[in-house]
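Now for the letters of each chain:
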Amino acid sequence: KEYDIGFCCDLSPYYYPKANLGDPRVAWTDYKHFGVGSSQFTGDYVIKTRADLYDKCFDSRFKFFHREKIEYIDFLKESLKWKVAINPPGHGEYTPRILESAALGIATVLRKSEYDNAISWKGYFPQIDFDKKEWQNDMQEIVDNYEYWGKKAKEYYDEVYQPKKIVEHFFNTIKLYE
């Protein structure tokens with residue numbers, strides 16, 4: 001492995017609509033889409049989590065790989081050089097990059113959140129609170145044990161992300177509510 005950690009993603013901020021003046025439980029954009037609340041523009045939150053994460057990793061003690069634009073095959077080849085892949089945050093905590101890394105047996109770190117999958121991934125994909133002062137110590141533990149976490153990720157992929165397993169889960173869940 002050439003790098004301790006890596007991730008590939010666009011670092012541009014993304015935007016999330018602020019609350020609706022007529023109904024703060026929904027976004028201002030919901031008037032246009034669903035006729036809910038007021039039509040008045042209230043603005044957007046500017047979310048810079050990817051750039052912030054990049055800055056932290058770039059300034060860390062870790063040997064770090066990042067690219068914004070990369071061909072898919074090159075992305076897969078490069079990711080095989082990382083001990084740990086960071087799942088870049090976006091509109092949600094869960095992205096296809098988790099599946100790709102897990103299928104390759106690469107330890108994958110998620111940003112700390114309460115979000116989980118229908119079949120829990122906790123215990124298979126470690127989380128880091130990148131806002132904690134000691135985040136590098138937490139990451140070092142994962143980097144030092146990257147083979148263990150890579151095996152856990154692959155185990156989750158094999159046990160949960162196979163088409164037959166997914167369909168079985170759907171049917172079993174439906175049967176619970178029949």
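Before reading further, recall that the structure is shown in the block above.
Criteria and cut-off values
- Residues numbered from 1 in each chain as written.
- Predicted model: local features only at pLDDT ≥ 70, side-chain atom pairs only at ≥ 80, totals over all residues.
- Heavy atoms only, no water.
- Helix = DSSP H or I, 4+ residues; strand = E, 2+ residues; numbered from the N terminus.
- Buried < 20%, exposed > 50% of the residue type's maximum accessible area, 1.4 Å probe, protein only.
- Contact = heavy atoms within 4.5 Å.
- Phe/Tyr/Trp six-rings, centres within 6.5 Å; stacked < 30°, edge-to-face > 60°.
- Axes fitted to C-alpha atoms, helices over the stretch in contact; angles between N-to-C directions.
- Parallel < 35°, antiparallel > 145°, perpendicular 65-115°, else oblique.
- Nonpolar A, V, L, I, M, F, W, Y, C, P; charged D, E, K, R; others polar.
- Disulfide = S-S within 2.5 Å.

**Digging into the overall build of the chain**
Stage number 1. Along its length, the chain carries seven helices and seven strands.
Stage number 2. Ordered by position from N to C terminus, the α and β elements of the chain give β-β-α-β-α-β-α-β-α-β-β-α-α-α.
Stage number 3. Its C-alpha atoms put the chain at 55 × 50 × 35 Å along the principal axes.
Stage number 4. Burial statistics for the chain: of 178 residues in total, 37% are counted as buried.
Stage number 5. Sequence separation of 24 or more characterises 61% of the internal contacts of the chain that already satisfy a separation of 6 or more.

**Quick word on the packing of aromatic side chains**
Stage number 1. A complete count under the given rule lists 16 aromatic pairs for this structure.
Stage number 2. Note on W121 and F125: the rings are 6.5 Å apart at their centroids and 65 degrees apart in plane angle, and the pair reads as edge-to-face. Like W121, the residue F125 is buried in the burial classification.
Stage number 3. Seen in terms of ring centroids, Y148 and W149 are 5.1 Å apart; in terms of plane orientation they differ by 80 degrees. Their pairing is edge-to-face.

**A look at the environment of P17**
Stage number 1. Position of P17 among the secondary structure elements: in strand β2 (residues 14-17).
Stage number 2. Separated by 13 residues in the primary sequence, P17 and D30 place their C-alpha atoms 9.4 Å from one another.
Stage number 3. Once residues within four sequence positions are removed from consideration, P17 is found in contact with A27, W28, T29, G43, D44 and Y45.

**Examining the packing of helix α4 (residues 96-103) against helix α6 (residues 146-160)**
Stage number 1. One way to put it is that α4 packs onto α6 with a least axis distance of 8 Å and a crossing angle of 105 degrees. Compared by their axis directions, α4 and α6 come out roughly perpendicular. Across the interface between the two elements, L99, A102 and A103 from α4 touch A153, K154 and Y157 from α6.
Stage number 2. A class-by-class count of the residues in the contact of α4 with α6 yields five nonpolar, no polar and one charged.

**A closer look at the state of the cysteines**
Stage number 1. A full pass over the atoms with the stated rule returns zero disulfides.
Stage number 2. Free of any disulfide, C9 has its nearest cysteine sulfur in C8, 7.7 Å distant.
Stage number 3. Here C57 is not disulfide-linked; the sulfur of C9 is the nearest cysteine sulfur, at 9.9 Å.
Stage number 4. What makes C57 buried here is its relative accessible area of 0%.

**Points about the environment of R50**
Stage number 1. For R50, the position within the fold is in helix α2 (residues 49-58).
Stage number 2. Judged by its relative accessible area of 16%, R50 is buried.
Stage number 3. Not counting residues up to four positions away in its chain, the partners in contact with R50 are F7, C9, D10, L11, P88, P89, G90 and R97.

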